[in-house]
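Report on the structure
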Amino acid sequence: MSTPAFSAGARDVLRMPGAPLAEPLRVRRIHSGEQLGDVQRLRREVYFQEQGRDRQRSRRIADGLDASGTVLVVEQSRRAVATLRVHDFASPAVQVEFGSLFQVDQFARTWPLQRLAVCTRFAVQAEQRTQRVVDALVMETYRHAHEHGIQFGLIACAPFLHGVFEHYGFREYLPPAVLPSGAVLLRMALVVDDAEMLRESASPLLPLVRNPTAGDAARGWLTRSFPEKTTL
C-alpha cells in the first residue's frame, strides 16, 4: 500500500496509462494564516454565481475559521478548480460552530478531539467536476488526515452530494439535520483506514490505507455509538 514519493505541500496528479492527455493538476495545502488567493474566486463562482446564494446573508465565501485549519486546493494552470477546508475539533471555535451538528460530545467520551475532523467549504468548478479532479482533492485530504492522526472525517452535505461522498467511503451516521431555513443536510462520516468500507465502495482511497485493524475497530465503535442511523 505504498504511494509515490511526493512533497507534502504540492503534488502533480499522475496521468493514468492509456488515458487521454490532460493538463496536469497541482494539489497543495494552504495552512493557517496563509492567503487563500484564488480559492476565494472559486467559492464565489460556485456559491453565488452558480447556486444563486444571497451575498448579503451568506458566510460561505469566508468566515473566521479560514484563519485556522487547512484548505486543500486543486489547481490547473495555477487556477483553483476544487477546494475543501479541514479543521479538527481540538479548536474551541470549531466545537462551537459544529459540535452540536455532529454530536461531537458522543465522540469525546472515547476519542481525543484532535482525532476528529470536519470538512467544509467544498467547491468544484462546474466544468471540472470529473473523477480525476475530485479524486485528487479527496486523496490529498486523506493524506492530511493520516499525517495529523485523524480517525474520523465528518461532513454535512446536501442530499444531491450523497453519492459523491459515498463513493469515497463516507456513510451517514446520524439522521439528516433540518436547518431553520428548511434546508436538509446529510451527516456523514469517513472512518480513516476502514479498508472493508473503502473496498465495498470501490474507493480510490483504498491503496492509501495504513492500519486496517485500527480502521475496523473505529468503524465498530461508530456503529455501536450511533445505532439509530449508521449504515457502516
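Source: prediction; values computed, not measured.

Helix length check: helix H4 (residues 131–147), at 17 residues, gives a terminal C-alpha distance of 24 Å against a target of 24 Å (1.5 Å per residue), a fit within 8%. Counting buried residues along H4, 13 of its 17 residues qualify, which places the element largely inside the surrounding structure. Backbone geometry just downstream of H4 places Gly149 in the positive-phi region, at approximately 70 degrees.

This part covers the pattern of salt bridges. Between side chains of opposite charge, a pair can form when the charged atoms approach closely. For the coordinates displayed, the defined rule picks out 15 salt bridges. Arg85 is the salt-bridge partner of Asp63, the closest N and O atoms lying 2.9 Å from each other. Residue Asp63 is found in the loop between helix H1 (38–50) and strand E3 (70–76), and its partner Arg85 is found in strand E4 (residues 79–88); the two are separated by 22 residues along the sequence. Two residues, Arg85 and Asp66, come together in a salt bridge whose shortest N-O distance is 2.9 Å. With Arg85 in strand E4 and Asp66 in the loop between H1 and E3, this pair connects stretches of sequence that are 19 residues apart. Asp66 carries the same exposure label as Arg85, and that label is buried. One network of salt bridges, with partners in common, ties together Arg43, Asp63, Asp66, Arg85 and Arg121.

Mapped onto the secondary structure, Gly215 falls in helix H7 (residues 212–225). Overall, Gly215 belongs to the buried group, its relative accessible area being 0%. In the structure, Gly215 is positioned 18 residues away from Met197 in sequence and 9.4 Å away in space, judged by C-alpha atoms. Other than its neighbours up to four places away in sequence, Gly215 contacts Gln151, Val191, Val192, Asp193 and Asp194.

Locating Gln76 in the fold gives a position in strand E3. The class for Gln76 is buried, based on a relative accessible area of 14%. For Gln76, the side chain forms a polar contact with the side chain of Gln128, separated by 2.9 Å. Leave out the neighbours within four places in its chain, and Gln76 touches Glu23, Pro24, Leu25, Val81, Gln128 and Arg132.

Within the element layout of this structure, Ala202 appears in the loop between helix H6 (195–200) and H7. Considered as a pair, Ala202 and Gly169 are 33 residues apart in the sequence and their alpha carbons are 8.3 Å apart.

Quick look at H1 now. Helical geometry note: an α-helix holds 3.6 residues per turn, so side chains three or four residues apart project in the same direction. Taking 1.5 Å of rise per residue, 13 residues should cover 18 Å, and H1 covers 17 Å from first to last C-alpha, within 8% of that figure. For H1, the full list of buried residues reads Val39, Arg41, Leu42, Arg43, Glu45, Val46, Tyr47 and Phe48.

For Ser77, which is not a glycine, the phi torsion comes out positive at approximately 55 degrees. Relative to the elements of secondary structure, Ser77 occurs in the loop between E3 and E4. Look at Ser77 and you get exposed, because its relative accessible area is 54%. Of note, the phi angle at Ala202 is positive, near 55 degrees, even though the residue is not glycine. A relative accessible area of 56% places Ala202 in the exposed class.

Scoring rules and cut-offs
Residues numbered from 1 in each chain as written. Predicted model: local features only at pLDDT ≥ 70, side-chain atom pairs only at ≥ 80, totals over all residues. Heavy atoms only, no water. Helix = DSSP H or I, 4+ residues; strand = E, 2+ residues; numbered from the N terminus. Expected span 1.5 Å × (residues − 1). Buried < 20%, exposed > 50% of the residue type's maximum accessible area, 1.4 Å probe, protein only. Salt bridge = Lys/Arg side-chain N within 4 Å of Asp/Glu carboxyl O. Contact = heavy atoms within 4.5 Å. Polar contact = N/O pair within 3.5 Å; in protein donor to acceptor, adjacent residues only side chain to side chain.

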